[in-house]
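Coordinates in review
Next come the chains, spelled out residue by residue.
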Amino acid sequence: MYKGFLRKIGYLFIFFSPVILNASPIFQKEFFNIQGGIYLHEINEKEYFDGYTLNGKNLLTIKKNDRFYLIYGIPYGISPGVKEIIISNVNSKKSLKLTINKTKFGRQDITVSKTYTKPSEKNIERIIKEKNIISKYRNTWSKRDPDIEFIYPVKGRVTGVFGTERYYNGEKGRYHNGIDIAASINTAIVAPSSGKVILTGDFFYNGKFVYIDHGKGLLSVFIHLNEINTSQGKFVKKGELIGKIGSTGRSTGPHVHWSVILNQNYVNPMVFLTNN
């Protein structure tokens, strides 16, 4: 389902050794070492099993093609330039150097109901409550390796890209922390990778949504759904129906907003898509 051409990654120059082309995981190499992208570092088998943390946050380690890798989700707000990060586990500590390349993000102006730009006191209370609920799940960690070869969750047209500066009714909002895919109402939305549904709901801004844990801190959130076709606690397979396209919450038309979180940072979902 939704099969496409798999792009191999190119060489990534890192502090210790380059990642070898033919042995690398499949990623979109244009998203390496940029804000909201990833940093890839080859590790040995022991390091893979021991795992690593950075500032108390668990980092993703995977086995791919009989080799082992650490994948770090780079924060959107990090400044360009050479950075040093110190990763550690119970047995060791390691210094990695990476160069963050400057990324140019666009601007998007959106007109929405004033209900969402100037919420009432009652809605503000609701927003705070819902924010606290969803934030509890952002540090979800499970031990299983995720399937990092994602498929598109819906057949549609990408209408919003990661990182753009969003202006709602002329007022600056948060940056766009995912991608938008537009399609007709009730178009099927499927899981881009297998995982456990950790939360569903109908929130003020999100509308109806599904939150999936793919494993080791790699999470997906799908918002503005018309229907939720799964349930909290269920394990879903890649390609399995989870919901249908809608326009609930702060939305201007039928679409799904898809965010991906890695080591508690929002990263561009396009990083993991293998069928562009």
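Residues numbered from 1 in each chain as written. Predicted model: local features only at pLDDT ≥ 70, side-chain atom pairs only at ≥ 80, totals over all residues. Heavy atoms only, no water.

1. Considering the layout of surface pockets
Computed from the structure, the largest pocket encloses a volume of approximately 1200 Å³. Contributing to the lining of the largest pocket are 41 residues, with Arg174, Asn177, Tyr205, Asn206 and Arg250 lying nearest its centre. For the lining of the largest pocket, the secondary structure elements donating two or more residues are strand E8 (107-110), helix H2 (114-117), helix H3 (121-135), strand E10 (165-168), strand E11 (171-175), strand E12 (179-182), strand E16 (218-225) and strand E20 (255-262). The space that makes up the second largest pocket amounts to roughly 190 Å³. As for the second largest pocket, its lining consists of 14 residues, and the residues nearest its centre are Tyr48, Phe49, Asp50, Gly51 and Trp141. (1 Å grid on protein atoms, 1.4 Å probe; cavity = no way out; pocket = protein on both sides within 12 Å on 5 of 7 lines; lining within 4 Å. Points joined across faces, edges and corners; volume = space filled by probe spheres on them. Helix = DSSP H or I, 4+ residues; strand = E, 2+ residues; numbered from the N terminus.)

2. Focus: the sheet that holds strand E17 (residues 227-228)
Within the open sheet, the three strands sit side by side as E13-E19-E17. Their pairing is antiparallel. Only two strands of the sheet have a single partner each, and these edge strands are strand E13 (188-190) and E17. Bridge count between E13 and strand E19 (residues 241-244): three bridges; the pairing is antiparallel. Looking at E19, one finds that valine 190 is bridged to leucine 241. (Pairing = 2+ DSSP bridges.)

3. Describing the side chain of threonine 61
Structurally, the position occupied by threonine 61 is in strand E4 (residues 60-64). Filtering out sequence-adjacent residues up to four positions away, threonine 61 remains in contact with Ile43, Tyr48, Gly51, Tyr69, Leu70, Asp145 and Lys216. (Contact = heavy atoms within 4.5 Å.)

4. Notes on the nonpolar core
Formed by 37 residues in total, the largest nonpolar core has its most connected members in Phe27 and Phe272. Here the element with the most residues in this core is E20; it accounts for four residues. Counting residues in hydrophobic clusters, the runner-up holds 16 residues, among them Tyr72, Ile74, Ile87 and Leu96. (Core = buried A, V, L, I, M, F, W, Y, C linked by side-chain atoms within 4.5 Å. Buried < 20%, exposed > 50% of the residue type's maximum accessible area, 1.4 Å probe, protein only.)

5. Describing the pairing of strand E15 (residues 207-215)
Burial analysis of E15 places eight of its nine residues in the buried class, which makes it a mostly covered element. Bridging between strand E14 (residues 195-203) and E15 involves seven bridges; their strand directions are antiparallel. By the bridge assignment for E15, glycine 201 is matched with phenylalanine 209. Once E14 ends, the chain turns through three residues before running back antiparallel as E15. Inspection of the sheet shows E15 paired to E16 by six bridges, in the antiparallel sense. Of the residues in E16, the one forming a bridge with tyrosine 211 is valine 221. The antiparallel pairing of E15 with E16 creates a hairpin that spans two residues between the two strands, and lysine 216 there sits at a positive phi of about 50 degrees.

6. Overview of the side chain of asparagine 265
The residue asparagine 265 is located in strand E21 (residues 265-267) in this model. On the basis of relative accessible area, asparagine 265 is assigned to the buried category, the value being 12%. Leaving out residues up to four positions away in the same chain, asparagine 265 has contacts with Lys57, Tyr72, Gly73, Ile74, Pro75, Arg138 and Val260.

7. Side note on unusual backbone geometry
Excluding glycine, residues mostly have negative phi values, and the peptide bonds linking residues are mostly trans. Of note, the phi angle at asparagine 55 is positive, near 50 degrees, even though the residue is not glycine. Summarising the element assignment, asparagine 55 is placed in the loop between strand E2 (53-54) and strand E3 (57-58). Look at asparagine 186: it is not a glycine, yet its phi comes out positive at around 70 degrees. For asparagine 186, the location among the structural elements is in the loop between E12 and E13. Relative accessible area serves as the criterion here: at 34%, asparagine 186 is assigned to the partly exposed category.

8. Some words on the packing of aromatic side chains
Considering all chains together, one arrives at 15 aromatic pairs under this definition. Measuring from centroid to centroid gives 3.7 Å for tyrosine 76 and tyrosine 175, while their planes differ by 5 degrees, and the two rings are stacked. Here tyrosine 76, found in the loop between strand E5 (67-73) and strand E6 (81-88), pairs with tyrosine 175, found in strand E11; they are 99 residues apart in sequence, far enough to count as distant. Here phenylalanine 162 and tyrosine 175 contribute two aromatic rings whose centre-to-centre distance is 6.0 Å and whose plane-to-plane angle is 75 degrees, an arrangement assigned as edge-to-face. (Phe/Tyr/Trp six-rings, centres within 6.5 Å; stacked < 30°, edge-to-face > 60°.)

9. What to know about the pattern of salt bridges
Scanning all chains against the criterion turns up 14 salt bridges. Residue glutamate 42 is joined to arginine 67 by a salt bridge in which the shortest nitrogen-to-oxygen separation is 2.7 Å. In this pair, glutamate 42 sits in strand E1 (residues 38-43) while arginine 67 sits in strand E5, placing the two residues 25 residues apart along the sequence. A salt bridge links arginine 107 to aspartate 109; the shortest N-O distance between them is 3.0 Å. (Salt bridge = Lys/Arg side-chain N within 4 Å of Asp/Glu carboxyl O.)

10. Thoughts on the sheet that holds E4
Taken together, three strands build an open sheet; the order of strands is E1-E5-E4 and the sheet is antiparallel. The sheet is open, and its two borders are formed by E1 and E4, each paired with just one other strand. Across this sheet, the average inter-strand angle for adjacent strands is 30 degrees, counted without regard to direction. (Axes fitted to C-alpha atoms, helices over the stretch in contact; angles between N-to-C directions.)

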